[in-house]
Amino acid sequence: MRKLPKIELHCHLDGSVRPQTIIDIAKRENIEIPSYKESDIKELVMVKKDCTSLNEYLEKFDLPNKVMQSKESLKQIAFELLEDAQRENVKYIEVRFAPLLHTNKGLSVEEIIQSVIDGIKEAQNIYDIKGNVILSCLRTMSVEDGLKVVEAGKKFINKGVVAIDLAGCEEERFCNKFKPVIDKAREYGYNVTIHAGEAASGQNVIDAINLLGAKRIGHGVRIKDMKEAYDLVKSNKVYLEMCPTSNIQTKAIDDFNNYPLYDFYKDGIYVTLNTDNRTVSNIDLTNEIDLIFRKFNINKIEYKNIYLNTVEATFSDEETKNWLKSFI
Ligand SMILES: [Zn+2]
């Protein structure tokens, strides 16, 4: 499983920081954190078994974001994420983060985006992996803040940035509010992926597709309970970025036995398999593939199909897509 070529489309930078790196940066930049012992930091950033909701899961991001406030730290963390990913033969990764969470010490949004791109580029120069950035707007933020991110990222489109995303805690019918943000992003040439149908109903998936023009949906697991949403995803060939362990931890799905990825796949829905957060969920992509493939007896041909669908789901250029196809 570790040797299989892999692609990851849904991975949050702040949820995937190495615990030791949190300590190293805190020491280097004189940032106060609750402990300087790796085991303690692990305990603080990894979600517990008794996690009850997405909102509780999201509390785990406070500590990593404390050490993601300088150009050097952002670059280092992005570099290390690609370094970790290539160790399990991830060939391409789309890294997402919310720039406005990293302005506490005065960095501009442009500087934040540039720093993450620099880290990705450095890893690309050393390792056999490529990466791009997805800019997330948090749904708890204002429309003005969302537009600020869209404007700041404009000059990086197709130069490291490929898409816009809405993330964070999920209320029913959140899409309407952010229509001006995503409309502007589409006008500028961003691709659109939206977290939807994770902590709330399939109606949000319908809105993300119909109102916001989403080509991919983060999670989307709740469409299994809403035929209209399910049919829309299927007929519009919208790709789902599925994250099994995270979905169990946030209680989006009650049990791995009921995880809908394989049912979706067999019915012709385009599924992709992702970690969501490597550190917070305490997993890697090998772990997720292993889990789902064993549970549903997925064979090599099916893996190849899912991989090739995932190539098409990437927001990369044709050259990268062709390069990715050469590995399978
Ligand atoms: Zn996510």
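- Identification of the protein chain as Adenosine deaminase from Romboutsia hominis is taken from an unreviewed UniProt entry.
- UniProt annotates the protein chain under Sequence similarities (unreviewed entry) with the comment "Belongs to the metallo-dependent hydrolases superfamily. Adenosine and AMP deaminases family. Adenosine deaminase subfamily."
- The UniProt entry for the protein chain carries this comment under Function (unreviewed entry): "Catalyzes the hydrolytic deamination of adenosine and 2-deoxyadenosine."

**Comments concerning the overall build of the protein chain**
- Counting its regular elements, the protein chain contains 15 helices and eight strands.
- If one aligns the C-alpha atoms of the protein chain with their principal axes, the spans along those axes are about 55 × 45 × 40 Å.
- Buried positions account for 60% of the 328 residues belonging to the protein chain.
- At a minimum sequence separation of 6, the contacts of the protein chain that also span at least 24 residues come to 74%.
- Accessible area of the protein chain: about 13400 Å², with a carbon and sulfur share of 47%.

**Concerning the packing of helix H5 (residues 71-87) against helix H6 (residues 109-126)**
- Between H5 and H6, whose axes approach to 7 Å, the crossing angle comes to 40°. Classified by the angle their axes make, H5 and H6 are oblique. Note that H5 runs across H6; the crossing there is right-handed. Taken together, the residues of H6 that come into contact with H5 (itself represented by Lys-71, Leu-74, Lys-75, Ala-78, Phe-79 and Leu-82) are Glu-111, Ile-112, Ser-115, Val-116, Asp-118, Gly-119, Ile-120, Glu-122, Ala-123 and Ile-126.

**A few points about the UniProt feature "active site" (unreviewed entry) in the protein chain**
- Sites flagged by UniProt as "active site" (unreviewed entry) map to Glu-198.
- Turning to its location among the elements, Glu-198 is positioned in the loop between strand S5 (191-196) and helix H9 (203-210).
- Since its relative accessible area comes to 3%, Glu-198 is described here as buried.
- Excluding anything up to four places from it in sequence, Glu-198 contacts Leu-54, Glu-170, His-219, Arg-222, Ser-246, Asn-247, Thr-250, Ala-252 and Asp-276.

**Let's talk about the nonpolar core**
- Counting 104 residues, the largest nonpolar core has Ile-164 and Ile-194 as its most contacted members.
- Excluding its chain neighbours within four sequence positions, the residues that come into contact with Ile-164 are Ile-134, Leu-135, Cys-137, Val-149, Val-150, Ile-182, Ala-185, Tyr-190, Asn-191, Val-192 and Thr-193.

**A few points about the pattern of salt bridges**
- Counted by the stated rule, this structure contains 26 salt bridges.
- Linking Glu-8 and Arg-278 is a salt bridge whose minimum nitrogen-to-oxygen distance equals 2.8 Å. Pair noted here: Glu-8 is in strand S1 (residues 6-12) and Arg-278 is in the loop between strand S8 (271-273) and helix H13 (285-296), with a separation of 270 residues, a long-range link.
- With its nearest N and O atoms 3.2 Å apart, the salt bridge here joins Lys-179 to Asp-183. Separated by four residues within a single helix, Lys-179 and Asp-183 lie in helix H8 (residues 179-188), roughly one turn from each other.
- For Lys-179, a relative accessible area of 29% translates into the label partly exposed.

**Re a negative patch on the surface**
- Together, Asp-50, Glu-56, Glu-59 and Asp-62 make up a region of like negative charge exposed at the surface.
- Looking at the secondary structure, you find Glu-59 in the loop between helix H3 (54-58) and helix H4 (62-66).
- Using a relative accessible area of 53% as the deciding quantity, one classes Glu-59 as exposed.

**Things to note about the coordination of the zinc ion**
- Protein-derived coordination of the zinc ion comes from His-10 (NE2), His-12 (NE2), His-195 (NE2) and Asp-276 (OD), at a distance range of 2.1 to 2.4 Å.
- Of note is the zinc ion, whose four donor atoms meet at the metal with angles of 82 to 169° in an arrangement that counts as irregular.
- Exposure remark for Asp-276: the relative accessible area of 3% places this residue in the buried category.

**Considering unusual backbone geometry**
- In this structure, Lys-237 is a non-glycine residue whose phi angle is positive, near 50°.
- Summarising the element assignment, Lys-237 is placed in the loop between helix H10 (227-235) and strand S7 (239-242).
- Phi at Asp-276 is positive, roughly 75°, even though this residue is not glycine.
- Within the secondary structure, Asp-276 sits in the loop between S8 and H13.

**Here's the deal with the sheet that holds S5**
- Strand order in this open sheet of eight strands is S1-S2-S3-S4-S5-S6-S7-S8, and the pairing throughout is parallel. Either end of the sheet is taken by a strand with one partner, and the two such strands are S1 and S8. Averaged over all pairs of adjacent strands, the angle between strand axes in this sheet comes to 25°, irrespective of strand direction.
- Relative to S7, strand S6 (residues 216-219) runs parallel, the two being bridged by three bridges. Its bridge partner being in S7, Ile-217 is matched across the sheet by Leu-240.
- Against the sheet, helix H7 (residues 143-153) makes contact with strand S3 (130-138) and strand S4 (161-167), and its axis sits at roughly 155° relative to S3, the strand it touches most.

Reading the values: rules and limits
- Residues numbered from 1 in each chain as written.
- Predicted model: local features only at pLDDT ≥ 70, side-chain atom pairs only at ≥ 80, totals over all residues.
- Heavy atoms only, no water.
- UniProt positions renumbered as here; feature names shortened; annotations may be inferred.
- Helix = DSSP H or I, 4+ residues; strand = E, 2+ residues; numbered from the N terminus.
- Buried < 20%, exposed > 50% of the residue type's maximum accessible area, 1.4 Å probe, protein only.
- Contact = heavy atoms within 4.5 Å.
- Areas by Shrake-Rupley, 256 points an atom, 1.4 Å probe, with all protein chains shown as cover.
- Axes fitted to C-alpha atoms, helices over the stretch in contact; angles between N-to-C directions.
- Parallel < 35°, antiparallel > 145°, perpendicular 65-115°, else oblique.
- Left-handed = near helix turned anticlockwise from the far one by under 90°.
- Core = buried A, V, L, I, M, F, W, Y, C linked by side-chain atoms within 4.5 Å.
- Salt bridge = Lys/Arg side-chain N within 4 Å of Asp/Glu carboxyl O.
- Patch = residues over 30% accessible without salt bridge, like charges linked within 9 Å, V, L, I, M, F, W, Y side chains within 5 Å.
- Lys, Arg positive; Asp, Glu negative; His and termini not counted.
- Charge placed at Lys NZ, Arg CZ, Asp CG, Glu CD.
- Donors = N, O, S within 2.8 Å, 3.2 Å for Na, K, Ca; no water.
- Tetrahedral: all angles 85-135°; square planar, octahedral: opposite > 155°, others 65-115°.
- Pairing = 2+ DSSP bridges.

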